Structure formats: structure tokens, C-alpha cells
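Read off the chains here:
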Amino acid sequence: MSDFLADLDELQTAAEQRFAAAASSDELEAARVEFLGQKSGRIKDVQKGLGAVPKEDKPAAGKRFNEVKQAVQQAFESAQQRIEAARDESKSEPLFDPTLPGRPVRLGRLHPITQTIEELKDIMGRLGFSVAEGPEIEDERHNFEALNIPADHPARDPLENFYLHAARAGAGKQGDAPLLLRSQTSTVQIRVMEHTPPPVRIIALGRVYRPDTPDATHYPMFHQMEGLWVDRRVTMADLKSVLRLFASSYLGHDVHIRFRPSFFPFTEPSVECDYHWNDRWTEFGGAGMVDPNVLQAVGYDPEEVTGFAFGLGVERLCMRRHHITDIREFYRNDVRFLHQF
Ligand code: DAH
């Protein structure tokens with residue numbers, strides 16, 4: 001009797017191990033045949049030993065045999081479920097379908113104003129102008145005084161400029177000059193000439209700030225391209241040639257330009273420059289011959305050198321070329337607009 005029970009224990013342990021280890025339905029089937037097979041399965045074999053058990057022990061032995069048989073059957077079924085579940089899972093994994101079209105990736109791009117600036121640098125570079133830079137926070141000397149804009153000039157009105165509050169609070173104290181966001185890139189003319197003996201031939205591209213209420217043509221921050229060429233015998237004819245070549249390059253060959261008399265404190269004579277493109281005249285900036293007072297303010301000799309300067313609105317150029325009618329589009333950050341450039 002005890003041999004019979006020991007065989008049953010061994011059988012149960014072996015069967016449970018084999019079923020738990022089965023990793024595929026083939027392995028499971030092999031284990032099933034080995035233990036539960038109708039003809040020569042190991043359960044059938046052990047069952048044969050039941051006949052040799054003494055009569056009085058039979059009921060207990062039979063009971064134990066049924067328990068083991070059930071446990072083995074149970075081990076088989078749970079292994080079967082486990083393998084089926086794994087198979088279902090791998091089925092529901094998305095299969096790679098090489099015939100599907102790819103998902104488009106949205107590429108970033110440069111802001112239209114940045115693109116315009118790059119192009120303007122390129123055009124002016126071919127005309128021999130190098131790129132200069134200056135700070136956006138300026139003092140009154142560079143934004144006004146050295147540009148021949150006197151203290152009582154309306155352009156210096158605090159309501160026309162973004163003076164910095166901290167600087168204004170301390171203004172008047174010695175060595176604590178008021179600061180403002182530059183209202184024009186003409187500041188860079190002064191900064192360059194202060195540090196460079198003539199000749200100079202530069203452009204400066206950057207942001208300027210004025211407290212304007214935004215509308216289709218105004219924005220409190222916009223970009224200008226400043227140009228400056230100082231050398232012996234630079235004339236108004238050079239100015240006109242450069243501006244015409246520039247306009248033709250940027251807008252295409254079919255461009256005419258005209259000068260209208262104007263006034264700027266830092267140029268004499270001064271002009272307003274218009275170009276004719278697509279059947280329309282558009283003003284594109286101010287220009288003129290650098291005022292002798294400005295040359296003197298930076299230590300140049302107005303008897304030795306002359307120069308011209310100009311200042312153009314970058315947004316306006318870009319708007320005209322791309323038929324954009326509202327400057328605010330540039331700064332709404334709407335990708336449906338930005339993506340078109
Ligand atoms: N700074 C002027 C403005 O912001 C534009 C300008 C006019 C610049 C004439 C110049 C110039 O260099 O010569 O309105």
C-alpha cells in the first residue's frame with residue numbers, strides 16, 4: 001500500500017512540473033500523452049497497481065488515486081489556458097503593415113521675418129555691406145543725441161518711447177543715464193562709427209520698439225534694416241543705386257524707385273524712398289546723406305568723408321512681397337500662417 005501511495009505522490013509532482021514547464025501547445029500535448037494518455041499514460045500505469053493493494057486499504061487508496069488524477073487533470077487544464085492566453089495576446093499585437101502610407105512629420109521652419117532677414121543680409125552682402133549689431137536696450141546718446149535729435153524733439157517724448165522704468169526712476173542722478181528700448185536701428189550707425197575709422201559699409205538688422213497700438217500696419221515691436229556707407233566722395237547717386245539694386249533683387253527685376261524730399265535730423269538732405277511694383281507705389285523707408293553733425297559726433301571729419309544712410313521696415317518689405325495685409329499675422333504664432341513660408 002505505501003509503495004502505491006509513494007508512486008502516486010511522485011506522479012503528481014512530476015506531472016505538475018511538466019505541465020507548468022510546457023511553453024508551447026506541442027510541449028503541452030506531449031506531456032498530456034505521457035501522463036493522461038488513454039492507452040499507456042502514466043496514470044493508467046499506476047492505476048494498474050491498485051489491484052495489488054490489500055482489500056481493507058482499497059477505499060483509501062482509491063480515494064487518493066482519484067485526488068491525484070484530478071490534480072493532474074487540473075494542472076493540464078491550467079497550462080492549456082496559460083498557453084492559449086499567450087497566443088491570443090501575441091495575435092492582438094498590431095502587425096506591421098508595409099503597405100500603409102507613412103504618417104507625415106511636420107517639419108519646423110524659420111519664421112518669415114527671420115527668413116526675410118537672412119535674404120536681406122544676402123542681398124546686401126553682395127553689394128559689399130557687412131552685418132553690424134547693437135543692443136536693443138539703448139541710452140539717449142545712441143538713440144537720439146549723437147543722431148542730432150535735440151532734447152526738445154517730439155521723437156524723444158516719453159509717450160513715443162519705451163523708457164525703462166528702473167532707469168527713469170534713477171534718471172537725473174549722475175552717471176545713471178535713462179535707458180530705453182531702441183526706437184530705431186540708426187543707433188547702430190553711431191555704435192559702429194564710434195569704434196571704426198572710415199570707410200564703413202554696414203547694415204544692421206533688428207528689432208525696434210514704439211508704443212503704437214497694434215493695427216494692420218502698426219505693431220509695438222517691428223524690425224528695421226539700417227544701412228550706412230561712409231567713405232570719401234559717397235554721393236546721393238550711390239544711395240539711389242544701392243536702394244534700386246536692393247529693391248530689384250528683393251522684389252524681382254521689375255522695380256522702379258523714386259525719392260521724395262523729407263526730413264530726418266540725422267540726414268541732410270533727407271528723402272523718403274518709394275518703389276513701384278505690381279502697379280503700385282509703396283513707401284519703403286527713409287534715407288539721406290549723413291548729416292555733418294552726426295559725423296562730427298562720432299569723431300569723423302565731415303570735410304574728409306561723406307556718407308549715406310537708410311532705414312527700411314522689414315515687415316513691410318515681407319508683407320509687400322507676399323501680399324500679407326496685416327502685420328499682426330507675424331506675431332499671432334498661428335502655424336496655419338507660419339507654415340506657408
Ligand atoms: N530711423 C528712421 C526711422 O526709424 C529711418 C531712417 C531714415 C533711417 C533716414 C536712416 C535714414 O538711416 O537716413 O524712422
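Everything numeric here is computed off the predicted structure, so don't read it as measured data. (Residues numbered from 1 in each chain as written. Predicted model: local features only at pLDDT ≥ 70, side-chain atom pairs only at ≥ 80, totals over all residues. Heavy atoms only, no water.)

**Considering the domain arrangement of the chain**
On domain assignment, one finds that the chain holds domain 1 (2-91) and domain 2 (112-338). For domain 1 and domain 2, the distance between their C-alpha centroids amounts to 94 Å. (Domains from an automatic or database assignment.)

**A look at the nonpolar core**
Here is a general trend for soluble globular proteins: nonpolar side chains tend to be buried in one another's company. With 41 residues, the main nonpolar core has M225, F246, I257, F284, F308 and F310 as its most contacted residues. Per-element tally for this core: the top contributor is helix α9 (residues 236-251), with seven residues. Dropping the residues within four chain positions of it, M225 is found in contact with L120, M124, T185, I203, A204, L205, F246, F310, G311, L312 and V314. In this structure, I190, F266, L295 and V298 belong to the second largest nonpolar core, which totals 24 residues. (Core = buried A, V, L, I, M, F, W, Y, C linked by side-chain atoms within 4.5 Å. Buried < 20%, exposed > 50% of the residue type's maximum accessible area, 1.4 Å probe, protein only. Helix = DSSP H or I, 4+ residues; strand = E, 2+ residues; numbered from the N terminus. Contact = heavy atoms within 4.5 Å.)

**Comments concerning the sheet that holds strand β5 (residues 221-231)**
Strand order in the open sheet made by the seven strands is β1-β4-β5-β9-β8-β7-β6, with mixed pairing throughout. Each having just a single partner strand, β1 (130-132) and β6 (256-264) make up the two edges of the open sheet. Sheet twist, expressed as the average angle between the axes of neighbouring strands with direction ignored, equals 25 degrees. Strands β1, β4 (200-209), β5 and β9 (306-313) of the sheet are contacted by helix α8 (residues 186-195), whose axis makes an angle of about 40 degrees with β5. (Pairing = 2+ DSSP bridges. Axes fitted to C-alpha atoms, helices over the stretch in contact; angles between N-to-C directions.)

**A word on the pattern of salt bridges**
Close approach of charged atoms lets side chains of opposite charge pair. For the structure on display, the rule yields 21 salt bridges. Here D45 makes a salt bridge to K48, at a shortest N to O gap of 3.6 Å. Here D45 and its partner K48 are both found in helix α3 (residues 42-49), three residues apart, which amounts to about one turn of the helix. (Salt bridge = Lys/Arg side-chain N within 4 Å of Asp/Glu carboxyl O.)

**Remarks on the packing of aromatic side chains**
Considering all chains together, one arrives at 13 aromatic pairs under this definition. The ring of W281 is capped by R258, whose NZ or CZ atom sits 4.2 Å from the centre of that ring. Over the face of the ring belonging to Y250 we find R321, whose NZ or CZ atom lies 4.4 Å from the ring centre. (Phe/Tyr/Trp six-rings, centres within 6.5 Å; stacked < 30°, edge-to-face > 60°. Lys NZ or Arg CZ within 6 Å of the ring centre and 35° of its normal.)

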